[in-house]
Amino acid sequence: MNVHAIAAIYRFEMARTFRTLTQSIASPVLSTSLYFIVFGTAIGSRMGQIGGVSYGAFIIPGLIMLSLLNESISNASFGIYLPKWSGTIYELLSAPVSAIEAILGYVGAAATKSVLLGILILVTARFFVPYHIEHPFVMVGFLVLTAATFSLFGFIIGLWADDFQKLQVIPLMVVTPLTFLGGAFYSISMLPPLWQKIALFNPVVYLISGFRWSFYGVSDVSVGISLVATFGFLLACVAVVWWIFRTGWKLRS
Amino acid sequence: MHAEAAHAGPVVSIKGVGKTYKSGHTALKNIDLDIRRGEIFALLGPNGAGKTTLIGIICGIVRPTSGTVTADGFDVLTDFRRAREAIGLVPQELSTDAFETVWSSVSFSRGLFGKPRDNAHIEKVLRGLSLWDKKDAKIMTLSGGMKRRVLIAKALAHEPRILFLDEPTAGVDVELRHDMWEMVRALRETGVTVILTTHYIEEAEDMADRIGVINKGELILVEDKATLMRKLGKKQLTLTLQAPLEAIPEALADLPLTLADDRHCLTYTFDTQAEETGIAALLRRLNEQGIDFKDLKSEESSLEDIFVSLVHGARA
Ligand SMILES: Nc1ncnc2c1ncn2[C@@H]1O[C@H](COP(=O)(O)OP(=O)(O)OP(=O)(O)O)[C@@H](O)[C@H]1O
Ligand SMILES: [Mg+2]
């Protein structure tokens, strides 16, 4: 294991994050605050409780997942796409660094940033609505697992993308719709029966449902299934990365 | 392979290496080349000859279509870790981390190549390249020549035993070029093998111990510089005539003479290797023909002439 290389990549990526600290902190805090003002306070005051939880508190896990997914993907995809684009990737390719080590560095840094962001949103939410966390360890588990999985997913996108448009298209066209339809702002049980069935094909439903269970002990699908589904997606991402690296990273000509 | 064995053989060994890009373009055809430990090897060739491709294959950036390469005795594909640890690469393109500082970028390189932090070494490298007072500057604020130095510093950060310089002096001023060659010589003193490409042939002439010429993906020549210069070196004797000459007289047609367009200069080409230069005979016969000259000078052909004739020969 080239531990020094993993540490170097990790530090490099974290430094990139902290250089744009305003953007990394201010924008999620701002957008979360807006969501709480609009959904939590304005609309939420007219909504009843969902599963015994006030609407403002209900949307917290969903909001965190929404940001977690987007940030994980955009961070990790940018992290590997940028050197490809600027040409500095030559150094990684010529270094004694295996695929696994590169992933640990890049994906590890992206996931770390996402987890920090999730915590930041959680803290921000405190200013707007009271909430409690029934299963804090499960909560942290979901947070880390989701951050890692979607950072890996973002890494794959960054490897695959050969222009800026491709970099944006999957987060924008696939992930954002899936998160909005995944029950961030409502319970699946509020949908018509047919749509409830269709929703079960949306992997994000399992993430949000499981995550919400760790807060309030209520969920759309059982937490066991959520965990299995999340792990399943992680394994799928690992398999894709494995395959990409066997065929030369899609980086070496 | 053991370290013992690794140190005995060539520092880089290229066997039957070919590369056909996905586009279908064959950039390298069956290259065989051994680089000797501690030498400065210059790779020459016109644009698109395959120099960067060959370097890319040795360094792990390009995947060979065929053949094997070892660096420091280790196969660059199956034993990539140990092979790459030995190598430092300064790429042809000026690709830098624009937002990083010089210091952090160079330290990053050292870590990436598996070496523990060593601020003293980084400082030495930066000072050696006159980058010390720029260590906290963001790379994007540096000039092109400075960026080139940063790339060299990055390549030296992990103390490589083999250094590749792909056109290091492109766009570099005279002073920096001079510094750079000083540095290359100093590196060689410490046992580092240097492989460089350049389009400035006089550089290869000055610096290299051996020269390889690559053209259209084929290695058409590998030779000690001195041998090469001797073997292919030709001298020219130029005579400035008293009176213009209409044409070379019939009687002198057997001699390797050419008449310049202005008809005032006669050039006689001869081999430095030959026993007889034939100059005495030439002067006698010119005298017989009544051709007087007011001046004469002789020139040795440069590597550049050799190179041009080689590449042209291969093209024909
Ligand atoms: N990624 C690639 N895909 C397809 N063809 C490529 C690729 N990289 C290089 N080539 C082609 O391979 C040939 C050799 O290119 P290479 O960069 O090795 O030449 P070079 O000798 O370094 O030239 P120069 O002196 O201009 O740097 C060229 O014809 C080039 O167009
Ligand atoms: Mg080149």
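Throughout this description, residue numbers start from 1 for each chain and increase along the sequence as written. Just so you know, chain letters begin at A and ligand numbers begin at 1, following the order they were written in. A pLDDT threshold of at least 70 governs which residues receive local features in this predicted model, and a stricter bar of 80 or more applies before side-chain atom pairs are shown or counted, although totals over entire chains, interfaces and linings include all residues. The side-chain numbers reported here are obtained from all heavy atoms of the structure, hydrogens and water having been left aside.

Visitor: In this structure, what is going on with the overall build of chain B? I would like to understand it.
Guide: Secondary structure assignment for chain B yields 11 helices and 14 strands. Taken along the three principal axes of its C-alpha coordinates, chain B extends 80 × 45 × 40 Å. Across chain B, contacts joining residues at least 24 apart in sequence account for 70% of those joining residues at least 6 apart. What sets the accessible areas is the Shrake-Rupley method with a 1.4 Å probe; for residues, cover comes only from the shown protein chains. Within the structure as shown, chain B displays about 15200 Å² of accessible surface, and the carbon and sulfur contribution to it stands at 50%. Where the 40 positive side-chain charges of chain B centre and where its 46 negative ones centre are 8 Å apart. Note on conventions: DSSP H or I runs of at least 4 residues are helices, E runs of at least 2 residues are strands, and numbering of each starts at the N terminus. Any pair of residues with heavy atoms lying within 4.5 Å of one another is described as a contacting pair. Charge assignment in this entry is limited to Lys and Arg as positive and Asp and Glu as negative, and neither His nor the chain termini are counted. Just so you know, the charge point we use is NZ for Lys, CZ for Arg, CG for Asp and CD for Glu.

Visitor: What exactly am I supposed to notice about the site of ligand 1 here?
Guide: Here a residue counts as near a molecule or strand whenever at least one of its heavy atoms sits within 4 Å of it. In the vicinity of ligand 1 lie 16 residues, with Gly-48, Lys-51, Thr-52, Thr-53 and Gln-92 of chain B positioned nearest. One chain alone does not account for the residues near ligand 1; they come from chains A and B. Residues adjacent in sequence count toward polar contacts only when both atoms are side-chain atoms; beyond that, a polar contact is any pair of N or O atoms within 3.5 Å, and within protein one must be able to donate a hydrogen and the other to accept it. One of the side-chain nitrogen or oxygen atoms of Gln-92 of chain B is found 2.8 Å away from an oxygen atom of ligand 1. If ligand 1 stood free it would expose 630 Å²; the protein chains cover 67% of that surface. Here the shell around ligand 1 takes 3 residues from helix H2 (residues 51-59) of chain B, the largest share from any one element.

Visitor: Looking at this model, I keep getting lost on the environment of Trp-160 of chain A. Mind explaining?
Guide: All names here are of chain A. Structurally, Trp-160 is set in helix H6 (residues 136-160). The partly exposed category is assigned to Trp-160, whose relative accessible area is 32%. Sequence-wise, Trp-160 and Leu-251 are 91 residues apart; in three dimensions their C-alpha atoms are separated by 9.1 Å. Throughout, exposure labels follow a simple rule: accessible area from a 1.4 Å probe, protein chains only, divided by the maximum for the residue type, with under 20% read as buried, over 50% as exposed, and the rest as partly exposed.

Visitor: Mind showing me how you'd approach the coordination of the magnesium ion (ligand 2) here?
Guide: Reference values for coordination geometry: four tetrahedral donors around a metal ideally subtend 109.5 degrees, six octahedral donors ideally subtend 90 or 180 degrees. Donor selection uses N, O and S atoms within 2.8 Å of the metal (3.2 Å for Na, K and Ca). Since no water is included, sites may look incomplete. In the first shell of the magnesium ion (ligand 2), the protein supplies Thr-52 of chain B (OG1) and Gln-92 of chain B (OE1), at 1.9 to 2.1 Å from the metal. Of this pair, Thr-52 of chain B sits in helix H2 while Gln-92 of chain B is found in the loop between strand E6 (87-90) and helix H4 (102-112), placing the two residues 40 residues apart along the sequence.

Visitor: Can you help me understand the confidence of the model for chain A in this one?
Guide: Segments scoring low in pLDDT should not have their predicted coordinates read at a detailed level. As a per-residue measure, pLDDT reflects the predictor's confidence and takes values from 0 up to 100. Of the residues in chain A, 99% reach a pLDDT of 70 or more, and the chain-wide mean stands at 86. Element-level pLDDT for chain A is lowest in helix H2 (residues 21-43) of chain A, with a mean of 79, against a maximum mean of 92 in helix H4 (residues 89-94) of chain A.

Visitor: Looking at this structure, how should I read the packing of helix H1 (residues 3-19) of chain A against H4 of chain B?
Guide: Helix-helix packing is characterised by the crossing angle of the two axes and by the distance between the axes. Two elements in contact, H1 of chain A and H4 of chain B, have axes separated by 7 Å at closest approach and are oriented at 150°. Each of His-4, Ala-5, Ala-8, Ile-9 and Phe-12 of chain A in H1 of chain A lies in contact with H4 of chain B, whose residues at this interface are Phe-108, Gly-111 and Leu-112 of chain B. When grouped by side-chain class, the residues that make up the contact of H1 of chain A with H4 of chain B number 6 nonpolar, 2 polar and no charged. Comment: axis = line fitted to C-alpha atoms, over the contacting stretch for helices; angle = value between 0 and 180 degrees taken between N-to-C directions. Just so you know the grouping, Ala, Val, Leu, Ile, Met, Phe, Trp, Tyr, Cys and Pro go in nonpolar, Asp, Glu, Lys and Arg go in charged, and all remaining residues, Gly too, go in polar.

Visitor: Before we go on, may I ask you to explain helix H3 (residues 55-86) of chain A in this structure?
Guide: Residues and elements named next belong to chain A. One fewer than the residue count of a helix, multiplied by 1.5 Å, yields its expected span. For H3, spanning 32 residues, the distance from its first C-alpha to its last is 46 Å, which sits close to the expected 46 Å at 1.5 Å a residue. Of all the bends in H3, the largest measures some 30° and sits at Pro-61. Where H3 ends, the next residue or the one after it, Gly-87, has phi of about 95°, a positive value. To obtain the bend at a residue, axes are fitted to the seven residues ending there and to the seven starting there, and the angle between these axes is taken.

Visitor: Where do I start with the packing of H6 of chain A against helix H10 (residues 223-246) of chain A in this structure?
Guide: Residues and elements named next belong to chain A. Close contact between H6 and H10 brings their axes to 10 Å; oriented N to C, the two are set at 30°. Judged on the interaxial angle alone, H10 and H6 are roughly parallel. For the crossing formed where H6 meets H10, the hand is left-handed. Along the lines of polarity and charge, the residues of the contact of H6 with H10 split into 19 nonpolar, 4 polar and no charged. Should an angle lie under 35 degrees it is considered roughly parallel, over 145 roughly antiparallel, and from 65 to 115 roughly perpendicular; all remaining angles are considered oblique. Left-handed describes a crossing whose near helix is turned anticlockwise from the far helix through less than a right angle; right-handed describes the clockwise counterpart.

Visitor: Teacher, can you tell me more about the interface of chain A and chain B here?
Guide: In many analyses, interface size is given as the accessible surface area lost on bringing the parts together. With 26 residues of chain A at the contact, the number on the chain B side is 28 residues. In this description, buried area is defined as the sum, over both parts, of the accessible area (probe of 1.4 Å) that is lost when the two are combined. Across the interface of chain A and chain B, roughly 2400 Å² is buried in total on both sides, 58% from carbon and sulfur atoms. Three residues stand out in chain A for area buried against chain B, namely Tyr-90, Glu-91 and Pro-96 of chain A, and they jointly supply 27% of the buried area on that side. We count a salt bridge whenever a side-chain nitrogen from Lys or Arg sits within 4 Å of a carboxyl oxygen from Asp or Glu. Connecting chain A to chain B are 2 salt bridges. Between Lys-154 of chain B and Glu-91 of chain A there is a salt bridge, and its shortest N-O distance comes to 3.1 Å. The tally of links between chain A and chain B comes to 8 residue pairs in polar contact (both at pLDDT 80 or more).

Visitor: Before we go on, may I ask you to explain the pairing of strand E1 (residues 12-20) of chain B in this structure?
Guide: On a regular strand, each side chain points to the face opposite its neighbour's, so the side chains alternate between the two faces of the sheet. Residue and element names in this part refer to chain B. Of all 9 residues making up E1, 7 are buried, and the element is well covered by its neighbours. Here E1 pairs with strand E4 (residues 66-71) via 5 bridges, running antiparallel. The residue bridging Ile-14 from the neighbouring strand is Val-69, located in E4. In terms of strand pairing, E1 meets strand E2 (residues 26-35) through 6 bridges, oriented antiparallel. Bridging from a neighbouring strand, Val-17 pairs with Ile-31 of E2. Joining the antiparallel neighbours E1 and E2 is a turn of 5 residues, in which Gly-24 adopts a positive phi near 95°. Strands qualify as paired when DSSP identifies two bridges or more between them.

Visitor: Could you clarify how one ought to interpret the packing of aromatic side chains in this entry?
Guide: Both the distance between ring centres and the angle between the ring planes are used here to describe each pair of aromatic rings. Stacked, tilted and edge-to-face are the three classes applied to pairs of Phe, Tyr and Trp rings, where Trp contributes its six-membered ring and a pair requires centres within 6.5 Å; stacked means planes under 30 degrees apart, edge-to-face means over 60, and tilted covers the rest. Inspection of every chain in the model, using the stated rule, returns 16 aromatic pairs over all chains. Ring plane angle 50° and centroid distance 6.2 Å describe the contact between Phe-78 of chain A and Phe-164 of chain A, whose orientation is recorded as tilted. Taken together, the residues Phe-78 of chain A in helix H3 and Phe-164 of chain A in helix H7 (residues 164-180) connect sequence positions 86 residues apart. Take Phe-78 of chain A: its relative accessible area is 27%, and that puts it in the partly exposed class. Here the aromatic rings of Trp-85 of chain A and Phe-164 of chain A are separated by 5.7 Å at their centres, their planes lie at 70°, and the arrangement is edge-to-face. In this pair, Trp-85 of chain A is assigned in helix H3 and Phe-164 of chain A in helix H7, connecting sequence segments 79 residues apart. Judged by its relative accessible area of 56%, Trp-85 of chain A is exposed. Phe-164 of chain A gets classed as partly exposed once you look at its relative accessible area, which sits at 34%. Three or more aromatic residues joined by ring pairs form one cluster here, namely Phe-78, Tyr-81, Trp-85 and Phe-164 of chain A. Lysine and arginine charges are scored as sitting over a ring when NZ or CZ, respectively, is within 6 Å of the ring centre and within 35 degrees of the ring normal. Seen from the ring of Tyr-131 of chain A, Arg-126 of chain A lies directly overhead, with NZ or CZ sitting 4.6 Å from the centre. Here the basic side chain of Lys-135 of chain B rests over the ring of Trp-132 of chain B, its NZ or CZ set 5.0 Å away from the ring centre.

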